[in-house]
Amino acid sequence: MEKIDPRLRILCSFTYSILVALEKNIEIFKYYLILPVVLVFFISDFKKFFKSFISVNIFIFLCWLFLPFSIGGKVLFNFLKFKVTYQGIRYAFLITIKANLIFITNFVLIFSTHPIRVIHALHHLYLPKKLVNIFFLSTRYIPVIENEKNRLQKAMRVRCFVPKNDIHTYRTIGNLLGLIILKSYERSERIYKAMILRSFSGIFWTYYHFKWSKKDTIICLSVIIYFVWIIYLKIK
Amino acid sequence: MDNISENQIIELKDINVSYPGTGIVLNNLSLVIYKGDRIGIKGANGSGKTTLLYTIVGLIKVEKGEIKIFGKKMEKESDFVEVRKKIGFLFQDSDDQLFSPTVEEDIAFGPLNLRLSRENVEERVNKTIKLLGIEKLKHRFSHTLSYGEKRVVAIATILSMEPEIYLLDEPTTGLDEKISKKIEKFLIENDLTYCIASHDLSFIKKVCNKIYILEKGKLYPF
Amino acid sequence: MDNISENQIIELKDINVSYPGTGIVLNNLSLVIYKGDRIGIKGANGSGKTTLLYTIVGLIKVEKGEIKIFGKKMEKESDFVEVRKKIGFLFQDSDDQLFSPTVEEDIAFGPLNLRLSRENVEERVNKTIKLLGIEKLKHRFSHTLSYGEKRVVAIATILSMEPEIYLLDEPTTGLDEKISKKIEKFLIENDLTYCIASHDLSFIKKVCNKIYILEKGKLYPF
Amino acid sequence: MHISEGVLSGKVLGVGALITIGGTFIGIKNLKFEDYPKVSLLTSAFFVASLIHIPIGPTSTHLVLNGLCGIILGWKSFPCILLALFLQAILFQFGGLTSLGTNTANMAIPAVISYYLFRPFLKKNYFITGFLSGFFSISLSCLSVFLSLYFTGSFFKNFGKAIFFAHLPIAFIEGIITGFILSFLSKTKKEILEG
Ligand SMILES: Nc1ncnc2c1ncn2[C@@H]1O[C@H](COP(=O)(O)OP(=O)(O)OP(=O)(O)O)[C@@H](O)[C@H]1O
Ligand SMILES: Nc1ncnc2c1ncn2[C@@H]1O[C@H](COP(=O)(O)OP(=O)(O)OP(=O)(O)O)[C@@H](O)[C@H]1O
Ligand SMILES: [Mg+2]
Ligand SMILES: [Mg+2]
């Protein structure tokens, strides 16, 4: 999967997600199934997949707690005082399918790539330059600040801080967060200094370049045909 | 026999530690620290000194091996929570250790977590400040201090906890002689137990009675 | 006369610098650096060494006094922008200097900004890496390096710019002898101009031919 | 608070995306090159801050801090929150990419309102202003989430209400902590709040 140009993967995933998100007709979903079913074979990290699968479906699960009772229509059965309707179940089911199809596609096509490379690809897809620069720098410094946060929390732990439900805890966490913001702010000033000292003039030069291969062209064409076919089915 | 294990503060037995990506850092390492020991650990950059000290206080999980502190086997986080009260840990990067607005509050943080009374905390703070001669810094904001000033304050924050054992990661890095000497004097003149990780051999030689070299994940006597 | 001013790289004349809250840090300080000078500045913690180096490259505004670099009077930010290309500045905190994803990209950052050709940049990167013997770190992510490893990489990022003058803030802090020696050798064996702020007197004595003490905001010959 | 993929209707997704695009555009319009490190590092800081667990009753929660973000960054909260949610979507699968626009709008609109509403009062009392802005922003975000769902289908009403009330205690904690953060910053570095 890593060998396919990230730009192509992002565009493909994005088009697919929008098509699915806007789809209301439950009959057509058997055609939407094709892409994710192919992609499932490319999942390499199953542990991560299942973890992600759960975090996607928490919200969906909450929907299931409410939706079946909330939509009027043909009553299937009564659960306690509530009427479970066919329409309710059907709607919850639709949401579940949509969310998971989009998730599988995105997981394989985008989430497996390092965020910095994803942003790099978005840069080539004409995301505004200023936005890219901010995305690039903050993605770079998140691990640094996260390490800083972890070390600060470690230092708190070795000085016997144990979080509880009390005002000392909230104040300490407030101080910690304040400090993280303060340090980031001051670090940003030093980084700015360090950048201008190394002749930075507003352009981030990149070492890494994408290469569009013949394989990419073939995949690109087949994906386009697939999408056109689905749209055709939809209109019909 | 009984006496020995009573005096035994820290015992690491055949521990292995590794980082994802970096591979194994501590390899079947063993170390015993007795009460009154003044241990110095020297080692090249990246040899794992910091990792070793982290492991002792449970900030990094061991893959293999056994850690005993004050005779108690450490197994889960809550075991460590208990013993950390008696351990003073100086981080290599002082910035990590200073998280309160002012120097004074930072020095008070540890004692406050030990649930000491207010007067007691105040007394300890003032005592520590006097010991290191940093009266001038008391009301300064920690983040405006110079590098070396931060180092001294970081040391102050652990002295105020009056721990039974000190684990010091490069205590004299970036300090001038005047302050180095003060710390040296403090270490030598008091009846302490400590384990220092440092490059500064001349400093280690002055304040330690047992020196080890950390190399290829193991400790060798110097 | 003409010749002297041509060889004069940096000249500070009666400068005053102060911080709000801390008060005056540099007080009527003067300093001249000629081509080929190897200057060492020693001073207690908080004496203002870092501040002095910041002032030279225009990162802190002076309240009074004159700064001349390469014979040109520095008056506004744009004056400094030009001369910074020829100055290699090592920050006391390495993390501030490492803002690219990997070590390799970080070392390439300066040369790329100087608009060198791709091959030229690559050559410089590899040369620097070889000089400091950090081949193993080349593809590592900067944020996973140990303290000392970061220090070496930070030094590498400025060596790769091949500046005319180096301003180094505590270059050997936290480094082991092997790397310290390498840097020492590099400084001694090449025909460089530099100004080092450090506590490490023995290091300064080895690599510098003019040593100053910074005290009460002024420089005194050692 | 993050609405998943596939839940919202096309209309709601579209409006959310438009608001986010507009807000982000305003946010970056006046950005100069010397602002890059500042905005970027604050964005990283907010992202990292949202990873910290806060004990609340027997469980724990994560902070959103959009009120604080608004007070410090103003309109720049849009790019900041956009990136944070983007990363949360691609790293942890919270929320989603199609709902990114709506989710961003739900959190960034209260942030911007909080900027205009509370920043002028900052100097009066940092803690109280912080508390109000934290409490207000989370509540408003929940209301906004409720509306996003409600406009997708009125049958989401009960679900939306449940989300709203479940977040009230969280809004309270968020307020307290925002208050402490602001009083910390007011003591140590006022220019972050005033610059
Ligand atoms: N979080 C981490 N992830 C991956 N590797 C790490 C991490 N922290 C440290 N390492 C690696 O583990 C090794 C030991 O690191 P450690 O910080 O313990 O060294 P050290 O002896 O303290 O070095 P120094 O003298 O430079 O402080 C180094 O090679 C380092 O790159
Ligand atoms: N941003 C700041 N705001 C206020 N005071 C500051 C600031 N930065 C430094 N100072 C103060 O200015 C003085 C000089 O600081 P500086 O960092 O230049 O010292 P230094 O000689 O580099 O010390 P060290 O050896 O510890 O690095 C110190 O007293 C310090 O507390
Ligand atoms: Mg270390
Ligand atoms: Mg300094």
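Position numbers for residues count from 1 along each chain, tracking the sequence in the order it is written. Here every chain gets a letter starting at A, and every ligand a number starting at 1, in the order they are written. In keeping with the predicted nature of the model, local features appear solely for residues at pLDDT of at least 70, side-chain atom pairs appear and are counted solely at 80 or more, and the whole-chain, interface and lining totals rest on all residues. Hydrogens and water molecules were not included; the side-chain quantities draw on all heavy atoms of the structure.

Bringing the overall build of chain A into the picture now. Going along the chain from the N terminus, every DSSP run of H or I of four or more residues is numbered as a helix, and every run of E of two or more is numbered as a strand. Counting secondary structure elements, chain A contains nine helices and two strands. The secondary structure elements of chain A, listed N-terminal to C-terminal, are α-α-α-α-β-β-α-α-α-α-α. In terms of overall size, chain A is more extended than a compact globule, its C-alpha atoms giving a radius of gyration of 24 Å where 236 residues would be expected to give roughly 18 Å. In terms of overall dimensions, chain A has a C-alpha envelope of 65 × 60 × 30 Å along the principal axes. Between buried and exposed lies partly exposed: a residue is buried under 20% and exposed over 50% of the maximum accessible area for its type, with that area taken using a 1.4 Å probe on protein chains only. Every one of the 236 residues in chain A was classed for burial, and the buried ones make up 53%. The contact rule is simple, with two residues in contact once any of their heavy atoms fall within 4.5 Å. Partitioning the contacts of chain A with sequence separation of at least 6, the portion at a separation of at least 24 is 69%. Counting every atom, chain A has about 11,400 Å² of accessible surface; 69% of that belongs to carbon and sulfur. Note on charges: Lys and Arg go in the positive column, Asp and Glu in the negative column, and His and the chain ends are not counted at all. Charged side chains are reduced to one point each, which is NZ for Lys, CZ for Arg, CG for Asp and CD for Glu. Where the 34 positive side-chain charges of chain A centre and where its 11 negative ones centre are 2 Å apart. Between the two quantities, the radius of gyration covers C-alpha atoms and the globule rule is 2.2 Å times the number of residues to the power 0.38. Surface accessibility in these figures is a Shrake-Rupley result with a 1.4 Å probe; residues are shielded only by whichever protein chains are displayed.

Before going further, it helps to spend a moment on the relation of the copies chain C and chain B. Mapping chain C onto chain B is achieved by rotating through 179° and translating by 0.3 Å along the same axis, at an RMSD of 0.3 Å. Look at the turn and shift together and you get a two-fold axis relating the two. Closest to the rotation axis within chain C is the C-alpha of Thr173(C), separated from it by 3.1 Å. A symmetric contact is evident, with 95% of the interface residues of chain C recurring at the interface of chain B. When the copies are overlaid, the least-squares fit takes in C-alpha atoms only where the residue has pLDDT of at least 70 in both copies.

Ideal geometry at a metal centre gives angles of 109.5 degrees when four donors are arranged tetrahedrally and 90 or 180 degrees when six donors are arranged octahedrally. Coordination of the magnesium ion (ligand 4) by the protein comes from Thr50(C) (OG1) and Gln92(C) (OE1), over a distance range of 1.9 to 2.3 Å. Pair noted here: Thr50(C) is in helix α2 (residues 49–56) and Gln92(C) is in the loop between β6 (87–90) and α4 (103–113), with a separation of 42 residues, a long-range link. Only nitrogen, oxygen and sulfur atoms qualify as donors, and only when within 2.8 Å of the metal (3.2 Å in the case of Na, K and Ca); with water excluded, sites may look incomplete.

Attention now moves to the coordination of the magnesium ion (ligand 3). Within the protein, the atoms that donate to the magnesium ion (ligand 3) are Thr50(B) (OG1) and Gln92(B) (OE1), at distances of 1.9 to 2.2 Å. Overall, the relative accessible area of 17% leaves Gln92(B) in the buried class.

Frequently, the measure chosen for interface size is the accessible area that the parts lose on association. In this assembly, 19 residues from chain C lie in contact with 18 residues from chain B. Buried surface at the junction of chain C and chain B, summed over both partners, amounts to about 1,500 Å²; 47% is from carbon and sulfur atoms. Using a 1.4 Å probe, buried area is obtained as the accessible area two parts lose upon being combined, added over both of them. On the chain C side of the contact with chain B, Asn45(C), Tyr147(C) and Asp176(C) bury the most area, a combined 35% of that side's loss. Between Lys or Arg on one side and Asp or Glu on the other, a salt bridge is scored when a side-chain nitrogen of the former is within 4 Å of a carboxyl oxygen of the latter. Across the chain C-chain B interface, the total number found is one salt bridge. A salt bridge links Lys42(B) to Glu177(C), with the shortest nitrogen-to-oxygen separation between them at 2.9 Å. Any N or O atom pair separated by 3.5 Å or less is treated as a polar contact, with the protein-specific requirement of one donor-capable and one acceptor-capable atom, and with residues adjacent in sequence counted only for side-chain atom pairs. Our count for the contact surface shared by chain C and chain B stands at two residue pairs in polar contact (both at pLDDT 80 or more). Looking at the side of chain C that touches chain B, the elements with two or more residues in it are β3 (38–43), α6 (147–159) and α7 (177–189) of chain C. A per-element tally of the side of chain C that touches chain B places α6(C) first, with three residues.

In this section: the pairing of strand β1 (residues 75–79) of chain A. All names here are of chain A. Two strands are counted as paired when DSSP detects at least two bridges linking them. Pairing geometry for β1 and strand β2 (residues 82–85), over four bridges, is antiparallel. Bridging across to β2, Phe-77 finds its partner in Val-84. In this structure, the hairpin formed by β1 and β2 is closed by a connection of two residues, where Leu-80 is found at a positive phi of approximately 55°.

Cavities and pockets were defined on a 1 Å grid built from protein atoms only: a cavity is a group of points that admits a 1.4 Å probe but offers it no way out, a pocket is an open group of points flanked by protein on both sides within 12 Å along at least five of seven lines, and a lining residue is one with an atom within 4 Å of any such point. Grid points are joined across faces, edges and corners, and a volume is the space filled by probe spheres set on the points. There is about 1,100 Å³ of room inside the second largest pocket. Lining the second largest pocket are 40 residues, and of these Met1(D), His2(D), His62(D), Phe94(D) and His167(D) sit closest to its centre. Those elements that place two or more of their residues in the lining of the second largest pocket are α4 (46–70) of chain A together with α2 (36–49), β2 (59–62), α3 (66–73), α4 (77–92) and α7 (157–166) of chain D. Note on residue categories: nonpolar means Ala, Val, Leu, Ile, Met, Phe, Trp, Tyr, Cys or Pro, charged means Asp, Glu, Lys or Arg, and polar means any other residue, Gly included. Here the residues of the lining of the second largest pocket sort into 27 nonpolar, 13 polar and no charged.

Below, the discussion takes up the site of ligand 1. A molecule or strand has a residue near it when one of that residue's heavy atoms lies within 4 Å. Around ligand 1, 20 residues are found, and the nearest of them are Thr22(B), Gly46(B), Thr50(B), Thr51(B) and Gln92(B). One of the backbone N or O atoms of Gly48(B) is found 2.8 Å from an oxygen atom in ligand 1. Within the side chain of Gln92(B), a nitrogen or oxygen atom sits 2.8 Å from an oxygen atom of ligand 1. In the complex, the protein chains occlude 85% of the 640 Å² of accessible area that ligand 1 would expose alone. The set of elements that each furnish at least two residues to the shell around ligand 1 consists of α2 (49–56) of chain B together with α6 of chain C.

All names here are of chain C. For the structure on display, the rule yields five cavities of 30 Å³ or more. In this structure, the second largest cavity occupies an estimated 80 Å³ of space. Forming the walls of the second largest cavity are Leu-90, Leu-132, Ile-155, Ile-158, Leu-159, Tyr-166, Leu-168, Pro-171, Ile-183, Phe-186 and Leu-187. The set of elements that each furnish at least two residues to the lining of the second largest cavity consists of α6, β7 (165–169) and α7. Its residues assigned to classes, the lining of the second largest cavity comprises 11 nonpolar, no polar and no charged.

This brings us to the interface of chain D and chain A. The interface is formed by 71 residues belonging to chain D together with 72 residues belonging to chain A. Here chain D and chain A share an interface that buries about 6,100 Å² over both sides, 79% of which is from carbon and sulfur atoms. Where chain D touches chain A, the interface holds two salt bridges. Seen at the junction of chain D and chain A, the total is 10 residue pairs in polar contact (both at pLDDT 80 or more). Every element with two or more residues in the side of chain D that touches chain A is listed here: α1 (10–29), α2, β1 (53–56), α3, α4, α7, α8 (168–188) and α9 (191–194) of chain D.

A few words on the sheet that holds strand β2 (residues 23–34) of chain C. Residues and elements named next belong to chain C. In space, the four strands of this open sheet follow the order β2-β1-β4-β5, with antiparallel pairing throughout. The two strands at the open ends of the sheet, each matched to only one other strand, are β2 and β5 (72–73). Note on definitions: angles span 0 to 180 degrees between N-to-C directions of axes, and those axes are lines fitted to C-alpha atoms, for helices only across the stretch in contact. Its contacts with the sheet place α2 against β1 (8–19), β2 and β4 (64–69), and it is angled at close to 125° to β1.

The subject of this paragraph is the site of ligand 2. The environment of ligand 2 is made up of 21 residues, and the closest members are Arg140(B), Gly148(B), Thr22(C), Thr50(C) and Thr51(C). Two or more chains meet at ligand 2, and those chains are chains B and C. Here Glu149(B) contributes a side-chain N or O atom positioned 3.0 Å from an oxygen atom of ligand 2. Gly46(C) places a polar main-chain atom, nitrogen or oxygen, 2.8 Å from an oxygen atom of ligand 2. Bound to the protein, ligand 2 loses 85% of the 630 Å² it would expose on its own. Secondary-structure elements contributing two or more residues to the shell around ligand 2 are α6 (147–159) of chain B together with α2 of chain C.

Let us look at the nonpolar core. Here, nonpolar core refers to any group of buried Ala, Val, Leu, Ile, Met, Phe, Trp, Tyr and Cys residues whose side-chain atoms link them within 4.5 Å. Leu177(A), Phe46(D), Ile72(D) and Phe86(D) are the most contacted members of the largest nonpolar core, which totals 209 residues. Among the elements that make up this core, the one with the highest residue count is helix α8 (residues 167–197) of chain A (14 residues). These domain limits were set by an automatic method or by a database of domain assignments. Of the domains in this structure, domain 1 (6–113) and domain 2 (122–197) of chain A are the two that each give at least three residues to this core. Sequence-distant contacts of Ile72(D), defined by excluding residues within four places in its chain, comprise Ile181(A), Leu42(D), Phe46(D), Arg119(D), Leu185(D), Ile192(D) and Leu193(D). Within the second largest apolar cluster, 35 residues are counted, among which are Ile107(C), Val125(C), Tyr166(C) and Cys208(C).

So, on to the pairing of strand β8 (residues 194–197) of chain C. Residues and elements named next belong to chain C. Of the two faces of β8, the one holding Tyr-194 and Ile-196 and the one holding Cys-195 and Ala-197 are both buried throughout. Alignment of β3 against β8, held across four bridges, turns out to be parallel. Residue pairing for β8: Arg-38 is matched across the bridge by Tyr-194. Where β7 and β8 come together, four bridges link them in parallel fashion. From the neighbouring strand, Asp-169 faces β8, where its bridge partner is Ala-197. Crossover handedness is defined by viewing with both strands directed away from the observer: a clockwise path from the first strand over the helix to the second marks the crossover as right-handed. In this view, the connection linking β7 to its parallel neighbour β8 by way of α7 has right-handed handedness.

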